[in-house]
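# Reading the structure
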Amino acid sequence: KPLVQWLLDLGLDKAQVAKAIARSPQICSLSLEANLKPLVLWLLDQGLDKSQVAKAIARHPQICGLSIEANLKPLVQWLLDLGLDKAQVAKAIARSPQICSLSLEANLKPLVLWLLDQGLDKSQVAKAIARHPQICGLSIEANLKPLVQWL
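Residues numbered from 1 in each chain as written. Predicted model: local features only at pLDDT ≥ 70, side-chain atom pairs only at ≥ 80, totals over all residues. Heavy atoms only, no water.

Right, let's talk about the nonpolar core for a bit. Among the nonpolar cores identified, the biggest contains 47 residues, and Ile57 and Ile129 are the most heavily contacted of them. Among the secondary structure elements, those contributing two or more residues to this core are helix 1 (2-10), helix 3 (32-45), helix 4 (50-59), helix 5 (68-82), helix 6 (86-95), helix 7 (104-117), helix 8 (122-131) and helix 9 (140-150). Here the element with the most residues in this core is helix 5; it accounts for 7 residues. (Core = buried A, V, L, I, M, F, W, Y, C linked by side-chain atoms within 4.5 Å. Buried < 20%, exposed > 50% of the residue type's maximum accessible area, 1.4 Å probe, protein only. Helix = DSSP H or I, 4+ residues; strand = E, 2+ residues; numbered from the N terminus.)

Relative to the elements of secondary structure, Glu141 occurs in helix 9. On the accessibility criterion, Glu141 (54% relative accessible area) is exposed.

Under the criterion given, the structure shown has 3 salt bridges. Residues Lys37 and Glu33 are paired through a salt bridge, measuring 2.7 Å at the closest nitrogen-oxygen approach. Here the residue Lys37 and the residue Glu33 both occupy positions in helix 3, the gap between them amounting to 4 residues, near one helical turn. For Glu33, a relative accessible area of 55% corresponds to the exposed category. Of the charged contacts in the structure, one is a salt bridge between Lys109 and Glu105, with a shortest N-O distance of 2.7 Å. You can see Lys109 and its partner Glu105 sitting in helix 7, 4 residues apart, about one turn around the helix. We classify Glu105 as exposed; its relative accessible area is 57%. (Salt bridge = Lys/Arg side-chain N within 4 Å of Asp/Glu carboxyl O.)

The next point concerns the packing of helix 1 against helix 2 (residues 14-23). Following both chains from N to C, one finds helix 1 and helix 2 inclined at 130 degrees, their axes separated by 9 Å at the closest point. In terms of their interaxial angle, helix 1 and helix 2 are classed as oblique. Handedness of the crossing formed by helix 1 with helix 2: right-handed. Only Lys14, Val17 and Ile21 of helix 2 make contact with helix 1, whose side of the interface consists of Leu3, Val4, Leu7 and Leu8. (Axes fitted to C-alpha atoms, helices over the stretch in contact; angles between N-to-C directions. Parallel < 35°, antiparallel > 145°, perpendicular 65-115°, else oblique. Left-handed = near helix turned anticlockwise from the far one by under 90°. Contact = heavy atoms within 4.5 Å.)

Another point: the environment of Lys145. Within the secondary structure, Lys145 is located in helix 9. In this structure Lys145 comes out as partly exposed when scored by relative accessible area, which is 30%. Counting along the chain gives 84 residues from Lys145 to Pro61, while the straight-line C-alpha distance between them is 30 Å. Once residues lying within four places of it in the same chain are set aside, the contact partners of Lys145 are Trp114 and Ile140.

So, in structure tokens, the structure goes:
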């Protein structure tokens, strides 16, 4: 009950709360004080506004179970090192919160290397990720290679 009320107060509607819990039932086992409130404060500190945080949780409730230290901070630093600015990182997370669950080693770094191999330079890769962060969740073999071959 406190979790449901907290999610409603954050800005999710009843249907979004129900869907978030159905998609990620482990959210119910998380502590408001130890997990959820610090996550929201951290996302706000990254430049997302309250409605963007609510939408990110509604779209990808798994974000609630991620570690700020082990998952989110390394991701943000990697995106900054790639060439995105803080506002672009916030926008990428708001647009595609699934990016937060991706592995740097298994997903993001191989994607960047593949895009560089396709002839893009680092600034073009950063621009592509900033504008279309959902690209990070695509499979190189199943999605991107066939698309490039088709083009």
